[in-house]
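Listed below, chain by chain, are the residues.
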Amino acid sequence: MNERQTISVEPVGEGPQCLEGAVESKEQREQRRRLEILKRWEIAIHVLDRGCVVKVGCKSIAFVSIEDGYKEIGRYLENPQLVATQHGFEDHL
C-alpha cells in the first residue's frame, strides 16, 4: 500500500552548475561600474543659437557647436570617469 522508494542521483559534470559564470570578468566589472556612474546623473542638452550646453547632474559644460556637445556626450557614455576627470568634476562621481 504505502511503498517507499529510494532514488539515487549521480552528480553530472564538475561542480554545481549554479556557480557557472558567477565569476565576473574584468570587462564585466568595468561595464557594471560605468553603468552605475551613468545611473547617478541626469544628462540634459540645452541647444542654443550657437552651440549648446550639456548638463550632467549639477555641472554644465558649454560647447561652441551642437556636434561637439554630442561627441562629448558619446565619450561620456563610453567612459564617464575619464571624461569627468578631463572636465574637472571627478569629485562628483
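Placed above this text is the structure.
Since this is a predicted model, take the numbers as computed values, not measurements.

Throughout the structure, instances matching the rule amount to four salt bridges. Put simply, Arg 34 and Glu 30 hold a salt bridge, and the shortest N to O gap is 3.9 Å. With Arg 34 and Glu 30 both in helix H1 (residues 26-40) and four residues apart, this pair spans about one turn of that helix. Close ionic contact of Glu 36 with Lys 39 constitutes a salt bridge, the shortest N to O distance being 3.2 Å. With Glu 36 and Lys 39 both in helix H1 and three residues apart, the pair spans about one turn of that helix. For Glu 36, a relative accessible area of 37% gives the class partly exposed. Judged by its relative accessible area of 56%, Lys 39 falls in the exposed class. Overlapping salt bridges, with partners in common, bring together Glu 30, Arg 33 and Arg 34 in one network.

Cut-offs used in this document
Residues numbered from 1 in each chain as written. Predicted model: local features only at pLDDT ≥ 70, side-chain atom pairs only at ≥ 80, totals over all residues. Heavy atoms only, no water. Salt bridge = Lys/Arg side-chain N within 4 Å of Asp/Glu carboxyl O. Helix = DSSP H or I, 4+ residues; strand = E, 2+ residues; numbered from the N terminus. Buried < 20%, exposed > 50% of the residue type's maximum accessible area, 1.4 Å probe, protein only.

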